[in-house]
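This is what each chain is made of:
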Amino acid sequence: MSSVKVECVVKTSALIGEGPVWEESEQMLLFVDIAGQKVHRWSPATNQIQSVETGDMVGFAVPRRSGGYVAGVGRSIVAVDWSTQTMTSLVEVDKDKLNNRLNDGKVDPIGRLLAGTMGKEEQPAVVQKQQGSLFSVTSDLTVTKHLSQVDISNGLDWSLDQKTFYYIDSLALTVDAFDYDSNTGHIGNRRVVYRMEEGEGFPDGMTVDAEGRLWVACYNGGRVINIDPATGVRLQTVSLPVTKTTSCCFGGPDYSDLYVTSASVGLDQSDRRAQPLAGGIFRVTGLGVKGSASNSFSG
């Protein structure tokens, strides 16, 4: 599509930019720098960035219905009070795996948080395998483990009817689907929706558009791919000027902009010269599709 435009709108040079969430009430983009140990908020209107330091690796941050945010810092789910720049631990996971850390997390349509862990990274995308898990956290902070022996727990989202949960364990090189019971949070009947093709890299973060299709950021692939989960067909590829594309979300006043995060960690000097925008955030316009509002944690 000739009308598609890609521009770098936040030149942060994040080590591992991740977890973009559009905050409708603030008209701001929330995102994290995992290895930079920061939660950021960027305003397109003013081009200003505000940040909170987390003191440990931060896998995600999501809005909280009662105000502020909830983030995955180290192995802890923490409450973030932006006004005071303080964090309060709510619950800890993987207490028996001290090298693990929380990675991607997202809130389901009724306010339940799902978040996954991963083992220690020896280098980018090289980890201690099968150390991770997928957890849910309810408003009363009840933690349930749904999956274990995960390599890198990553992208997650839901179908428009809330009956299907989409999930990525990056090293499996697939996008998977589960039956989802939004009342109980139970997942089952795992199946593969899409298998990554040669050169597409690792599936990382993802989002669902208003037509129920998936947009998957491809780490080391320098692209975002659009997948029809009903058929498993790749419908479109959006190429970016950086290789380590990490995640994406729709945002903007009418949710027609696709924001894509990226990483710079692990790039050598020649890579950095070739990719001066690595670690930045990109806005893709002209896709002809829209997303929908993100969910807030009910706890």
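For the structure itself, consult the block above.
Residue numbers run consecutively from 1 along every chain, following the written order of its sequence. In keeping with the model being predicted, local features are shown solely for residues with a pLDDT of at least 70 and side-chain atom pairs are shown and tallied solely at 80 or more, while totals for entire chains, interfaces and linings include all residues. Hydrogens are left out, water is left out, and the side-chain values use all remaining heavy atoms of the structure.

(A) Broad picture of the pairing of strand β7 (residues 69-73). The cut-offs for exposure are 20% and 50% of the maximum accessible area for each residue type, with area from a 1.4 Å probe on protein chains only; residues under the lower value are buried, those over the upper are exposed, and the others partly exposed. Here a strand is any run of E in DSSP of at least two residues, a helix any run of H or I of at least four, and the numbering for each starts at the N terminus. Counted residue by residue, β7 has five buried out of five residues, so it is predominantly covered. Of the two faces of β7, the one holding Y69, A71 and V73 and the one holding V70 and G72 are both buried throughout. Only when DSSP finds a minimum of two bridges between them are two strands counted as paired. Bridge count for strand β6 (residues 58-63) against β7 is five bridges, and the pairing is antiparallel. Within β7, the position partnered with V58 by the bridge is V73. What sits between β6 and β7 in their antiparallel hairpin is a turn of five residues, with G67 showing a positive phi close to 115°. Pairing of β7 with strand β8 (residues 76-81) involves five bridges; the strand directions are antiparallel. Each residue of the ladder has a partner; that of V73, found in β8, is S76. Connecting β7 to the antiparallel partner β8 that follows it, the hairpin turn spans two residues, and G74 within it adopts a positive phi of roughly 60°.

(B) Examining the pairing of strand β23 (residues 233-239) more closely. Judged from the six bridges that link them, strand β22 (residues 223-228) and β23 form a sheet pairing that is antiparallel. Residue I225 lies in a different strand from β23, and its bridge partner there is T237. Hairpin connection, β22 to β23: the antiparallel pair is bridged by four residues, and G232 has positive phi, about 75°.

(C) Up close: the layout of surface pockets. Considered as a void within the structure, the largest pocket measures approximately 520 Å³ in volume. Buriedness for pockets is judged along seven lines, at least five of which must meet protein on both sides within 12 Å for an open set on the 1 Å grid over protein atoms alone, while cavities are sets there where a 1.4 Å probe fits but cannot get out, and lining residues have an atom within 4 Å of a point. In terms of lining residues, the largest pocket is bounded by 32 residues, among which K106, D157, T207, A293 and S294 are the most central. When contributions to the lining of the largest pocket are tallied by element, the ones reaching two or more residues are β2 (17-23), β6, β10 (101-107), β16 (153-158), β20 (202-208) and β24 (245-251). Taken together, the residues that form the lining of the largest pocket break down as 18 nonpolar, ten polar and four charged. Lining the second largest pocket are 26 residues, and of these I16, R101, M118, E121 and A125 lie nearest its centre. Contributing elements (two or more residues each) for the lining of the second largest pocket: β10, β12 (121-123) and β20. With three residues, the top contributor of residues to the lining of the second largest pocket is β20. All residues other than Ala, Val, Leu, Ile, Met, Phe, Trp, Tyr, Cys, Pro, Asp, Glu, Lys and Arg, Gly among them, are scored as polar; the first ten of these are nonpolar and the last four charged. Here the residues of the lining of the second largest pocket are counted per class, giving 13 nonpolar, eight polar and five charged. Grid points are joined across faces, edges and corners, and a volume is the space filled by probe spheres set on the points.

(D) Summary view of the environment of L171. Its place among the elements puts L171 in the loop between β17 (164-169) and β18 (174-180). Residues L171 and L29, 142 residues apart in the sequence, show an inter-C-alpha distance of 28 Å. With residues near it in sequence (within four places) discarded, L171 still touches A125, V127, K129, D151, I152 and F202. Residue contacts are defined here by distance: any two heavy atoms, one from each residue, within 4.5 Å place the two residues in contact.

(E) Fine view of the nonpolar core. Among the nonpolar cores identified, the biggest contains 27 residues, and L29, W215, V224, L258, Y259, V260 and L287 are the most heavily contacted of them. Counting only elements with at least two residues in this core, the list comes to β1 (5-10), β3 (28-33), β21 (214-219), β24, β25 (257-262) and β26 (281-285). Not counting residues within four places of it along the chain, the set of residues in contact with L29 comprises P20, V21, W22, H40, R41, W42, C249, Y259 and I281. What makes a nonpolar core is a set of buried Ala, Val, Leu, Ile, Met, Phe, Trp, Tyr and Cys residues whose side-chain atoms join them at distances within 4.5 Å. If you look at the next biggest cluster of nonpolar residues, it comprises 18 residues, including V32, A71, V80 and A263.

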